[in-house]
Number of protein chains: 2
Amino acid sequence: MGQNGGMPQLRIALAQVNTTVGDLDGNTALTVEWTRKAAEAGAHVVVFPEMSQTGYPVEDLTLRRTFADASRKSVDELARRLDEAGCGEVLAYVGYLDFDEVGPRDAAAALYRGEVVARQFKHHLPNYGVFDEHRYFKPGTELEVVRLHGVDVGMVICEDIWQDGGPISALGRAGVDLVVSPNASPYERAKDEQRLPLVARRAAEAGAPLVYTNQVGGQDDLVFDGDSLVVGADGALLARAPQFVEHLLVLDMELTAGGHAADGELAGLHVRRRVLSEEPLPAYPPLTEPVISEPLSDEAEVWSALVVGLRDYVHKNGFASVTFGFSGGIDSAVVAALAADALGGDNVYGVSMPSKYSSGHSKDDAADLARRIGAHYRVESVEDMVSVYVNQLKLTGLAEENIQARTRGMLLMALSNSDGHLVLATGNKTELAVGYSTMYGDAVGAFAPIKDLFKTHVWRLARWRNQLAAGRGETPPIPENSITKPPSAELRPGQVDTDSLPDYALLDDILDDYVEGDRGYADLLEAGFDPETIDRVVRMVDKAEYKRRQYPPGTKITFKAFGRDRRLPITNSWRERKA
Amino acid sequence: MGQNGGMPQLRIALAQVNTTVGDLDGNTALTVEWTRKAAEAGAHVVVFPEMSQTGYPVEDLTLRRTFADASRKSVDELARRLDEAGCGEVLAYVGYLDFDEVGPRDAAAALYRGEVVARQFKHHLPNYGVFDEHRYFKPGTELEVVRLHGVDVGMVICEDIWQDGGPISALGRAGVDLVVSPNASPYERAKDEQRLPLVARRAAEAGAPLVYTNQVGGQDDLVFDGDSLVVGADGALLARAPQFVEHLLVLDMELTAGGHAADGELAGLHVRRRVLSEEPLPAYPPLTEPVISEPLSDEAEVWSALVVGLRDYVHKNGFASVTFGFSGGIDSAVVAALAADALGGDNVYGVSMPSKYSSGHSKDDAADLARRIGAHYRVESVEDMVSVYVNQLKLTGLAEENIQARTRGMLLMALSNSDGHLVLATGNKTELAVGYSTMYGDAVGAFAPIKDLFKTHVWRLARWRNQLAAGRGETPPIPENSITKPPSAELRPGQVDTDSLPDYALLDDILDDYVEGDRGYADLLEAGFDPETIDRVVRMVDKAEYKRRQYPPGTKITFKAFGRDRRLPITNSWRERKA
């Protein structure tokens, strides 16, 4: 116990920042900037996300020795620069890629007075869903506890708090006064409902408050929601950062300093302690009440994830503007509204590409959409392009339908080459799941913003976004007609989607069970679906794998997005119906 | 020791077969057919490849409970069917997917007299290169030893022989007379040079002969070369199957029957023994000398891998014929020769698609190629299609170059839709590495046969294939002019590849170091390459990731093919030059 007789205090800052994979210089600058902010707020400790120096996930860059060496060097450099910037007295926890004689490591370092005072390697390596960490890292077995102003601070990295046993329980038995945790925990729908109880349980296991900093922002097909948390040893929520924005969360904590035991072995983990300063800080008046942000509603959360995922994909790839087909339908309308929210209407270039099968209302709705969101808009008919193909090659049926979609894809790519816009693909998860799209046609694009929304979700979000605008007294971005009319690909006269697909409400219900729920044919029968419809849907899904692999990335908002976390063999002879 | 006083004999068959992923019924039928062949050859034991019931690799099908249940059931059914077919006395080792309370398992089963007499789960799970087994399987800890005619037979599955320690050394210490090993070991260049010494070393560790059966044939982007082996306890090669063909390798073995200890624990592995029959067989006259096939030459091996990979990709996806652009250049000529070898010239549909920049020699060389390999051939100018785009959108420069490649891609897809051919992409690894190709243009196709050959390899194989034909008195398939002329994309007047790229010999040298060898900028400098050229190449490679992800699959013939085993983040800000 400290000499001031009371409980020792520390001011803690959580730096919920948006890093970029591979950008060591940029991430170093970002860390200096945010540590300076923390120092200006009077913080004694600042905690950055997992692998904040390299960004997350670094995938195969992990295996590149030159990159790992540069990452290690950047941490020493960062410690020096923090000290030069006058932040040397702030104990800063940052993440980086290490590489030692055993192999690559997902590492965190504590920086203090210009030096690296502790390094720790992640123990539990997730290898499910979007994670492939057994491929990339070797697990660590050391736990570093640093005593600052008399308070023993331990650390655990991300997955180490998601698994029972291991580092958290070892720290609990060894004794610490505070646990800090750098994370890169991707967003899933309603993830906070899992995250908060988990963090609370781990704080109890550690017998100490837990400071949980999460990455924020989009990186390739992942999006991180932030939602950084501080929880007391009793599990009470003490502070929470807002979702989907960069934020410095600062709070004062009164801590119990235990005078804990020396180094030792616990369940295969080695605890090592280092003293930076023994004396507790003189008592000081704490800040006003810390921020406890409310989680967003389901729709707002998903919309934000898609906006942030799209914005960061475009910007981190060096683009400023996007282009895609404005068809008048619901999918392109929702993509347009997302793009306007992400980049501003002035960076959205809509193209109407009518063929002889396009209806009058399609063209009107597309023009209306552009006006509502303030997008650039042009009309380029594909009739002449289609005619050359159809006449020269004598195309009919599916070949004629597909060439319409494909001439549009090529038209967009030509405009991208000429004007430097990134092309967006407007397909949704329902289409992608059943293969209802044209490769090299409507699937053309570098990013597919609503790839992870079922069709029924698209409609729900459209209504929600329009209501939000109405509530704010703004023009609803999505034309009402695009929401209410029956969906059609307009590739032949009078075509509607239900010619080829079951009703979307039914289809999405089955897909949700079959794809998300991993339920089999017999389960679907038991759930009361009609056998013929199940059979039809299941066959479409099982056959569509090749198209899915060729589809551009999109932000994952549910666990079982199609992509790396659902990878069927291409030549897949298994059909669920056989089971 | 048996009552006949001599060494007990067994006749062993290795069934080197070509299974199909997901096709439980087809693979069961295949196994019955080949076990019957083994029985007809008088074999007492037959060994199939790893996961022969499901095919390999099953990827996410592993996680599908209904599939795992069907796989388990198929093994019981297979045991029954083998007995009904009169093969019940042959001890048959097959592979399958199991699923128990711990999770999915890469399993092998021994079948005898209509029953499953042993099941064992793979212990070492590879998770590097093309393997992702930590994602898919849980490791086993039991070893099953079966006594047949007095001989104790142990088993190990694939990776279990590639790792030091574990099952093989446990079997060695427990004592066995013979080890059988089902494998699905993908082809890499000169893999036999690693495989044979390894199998020999493991036989010595086990103190018993080792029977190594490998899968053969193409499955998605992998190809398995077979090369099944039998090695004596002294490491001597006793038999070897030919590469890249299905084969039943049969040999008689004289074995030492040791009367080994009972069940027990060894280094965390539990050895369990079961007796099928104690009495050694009466002495019988052995077969003539077993086959010891010679490995193929480097060029023949690579050519065979590409032919088999292409053939199985086309057939296992339900296609019979292929179409692609015949440009007159070396890449499409080599793809055409491969396709003719794989499918027959009559199943190859070449299309010449000249634009106004196409040279006269290109059209002549393309027509010559078609005649040489007996392919169908048509000429479809893209001039009219290109004109509509260029005039309507006023395209110039890169946009105009790309639209030529893209109208060709769309033309091929239209023919595929009309006539049912699978489209091949003709790009090579050099182009793919540096991004010298047009997305939705020359990258269009379901399969890219030479995706894993550097440009200099393409030339070398072309010469080799022509010499092979000449040596056989056949027409060399590849026009000499396609081999000798300077490569050009012919997308603008007088264009040659060296306008945009270093000389291919130099470029491939750098790529080999940078991509295959994982060497960094400093290493490349030290190797004597010019700094500006290194910088130029490294920047191209680091920027081309997005294109590589959109490229169709191709057969992997070296370890570091671009694809799943080299996956950079798409928004990759790291540039080697910075290191």
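Position numbers for residues start from 1 in each chain and track the written sequence from start to end. Whichever chain is written first becomes A and whichever ligand is written first becomes 1, with later ones labelled in order. Selection of residues for local features in this predicted model requires a pLDDT of at least 70, selection of side-chain atom pairs for listing and counting requires 80 or more, and totals for whole chains, interfaces and linings are taken over all residues. Values reported for side chains reflect all heavy atoms of the structure, with hydrogen atoms and water molecules removed beforehand.

Chain A goes by Glutamine-dependent NAD(+) synthetase in an unreviewed UniProt entry, where it is assigned to Amycolatopsis saalfeldensis. UniProt positions are given in the numbering used here, feature names are shortened, and annotations may be inferred rather than shown by experiment. Per UniProt, chain A has the following entry under Catalytic activity (unreviewed entry): "deamido-NAD(+) + L-glutamine + ATP + H2O = L-glutamate + AMP + diphosphate + NAD(+) + H(+)". Here chain A is described in UniProt, under the heading Pathway (unreviewed entry), as follows: "Cofactor biosynthesis; NAD(+) biosynthesis; NAD(+) from deamido-NAD(+) (L-Gln route): step 1/1."

*Asks:* Where do I start with the pairing of strand β16 (residues 269-275) of chain B in this structure?
*Replies:* Residue and element names in this part refer to chain B. Each pair of strands is called paired provided DSSP finds at least two bridges between the two strands. Here a strand is any run of E in DSSP of at least two residues, a helix any run of H or I of at least four, and the numbering for each starts at the N terminus. Pairing geometry for strand β6 (residues 142-148) and β16, over 6 bridges, is parallel. Note on β16: the bridge partner recorded for E144 is R272. As judged from the 3 bridges shared by strand β15 (residues 264-266) and β16, these two strands associate in the antiparallel manner. Residue pairing across strands places E265 opposite H270, the latter belonging to β16. Between the antiparallel neighbours β15 and β16 lie 2 residues, among them A267 with a positive phi of about 50 degrees.

*Asks:* Hey, could you run me through the nonpolar core in this one?
*Replies:* Inside soluble globular proteins, nonpolar side chains tend to come together where they are buried. Of all hydrophobic cores here, the largest spans 192 residues; its most connected members are A:F326 and B:F326. By definition in these notes, contact holds between two residues if any of their heavy atoms fall within 4.5 Å. Filtering out sequence-adjacent residues up to four positions away, A:F326 remains in contact with A:S332, A:A336, A:V348, A:G350, A:V351, A:S352, A:A366, A:L369, A:A370, A:I373, A:A375 and A:Y377. Here, nonpolar core means buried Ala, Val, Leu, Ile, Met, Phe, Trp, Tyr and Cys residues that are tied together by side-chain atoms lying within 4.5 Å of each other. Only protein chains enter the accessibility calculation, which uses a 1.4 Å probe. A residue is then buried if its area is under 20% of the maximum for its type, exposed if over 50%, and partly exposed in between.

*Asks:* I'm lost on the side chain of B:Q215 in this one. Help?
*Replies:* Residues and elements named next belong to chain B. Here Q215 lies in the loop between β9 (210-214) and β10 (216-219). Assessed through its relative accessible area of 1%, Q215 is described here as buried. Of note is the side chain of Q215, whose polar atom sits 3.3 Å from the backbone oxygen of Y56. When sequence neighbours within four positions are dropped, the list of residues in contact with Q215 reads V17, T19, P49, E50, Y56, N183, A184, F224, D225 and G226. Counted as a polar contact is a pair of N or O atoms within 3.5 Å, where, for protein atoms, one must be capable of donating a hydrogen and the other of accepting one, and residues adjacent in sequence contribute only when both atoms are in side chains.

*Asks:* Would you explain the pairing of strand β14 (residues 247-254) of chain A in this entry?
*Replies:* Successive residues of a regular strand alternate their side chains across the two faces of the sheet. Residues and elements named next belong to chain A. Summarising burial for β14: 7 of the 8 residues are buried, a large majority. Direction of pairing for strand β1 (residues 9-16) relative to β14: antiparallel, over a ladder of 8 bridges. When the sheet's bridge partners are listed, Q16 is paired in β14 with H247.

*Asks:* Before we go on, may I ask you to explain the sheet that holds strand β2 (residues 45-47) of chain B in this structure?
*Replies:* Sheet strands pair by backbone hydrogen bonding; their relative direction is either parallel or antiparallel. Residue and element names in this part refer to chain B. Read from one edge of the open sheet, 6 strands run β5-β4-β3-β2-β1-β14, paired in mixed fashion. Each of the sheet's edge strands pairs with one partner strand only, and the pair in question is β5 (115-121) and β14 (247-254). If you compare each strand with its neighbour and ignore which way they point, the axes differ by 30 degrees on average. Axis angles are defined between N-to-C directions and span 0 to 180 degrees, where every axis is a line fitted to C-alpha atoms and, for a helix, only to the segment in contact. Helix α1 (residues 24-40) rests against β1 (9-16), β2, β3 (91-99) and β14 of the sheet, and its axis sits at about 40 degrees to β14. Lying on the sheet, helix α2 (residues 65-84) is in contact with β3, β4 (104-112) and β5; it crosses β3 at an angle near 160 degrees.

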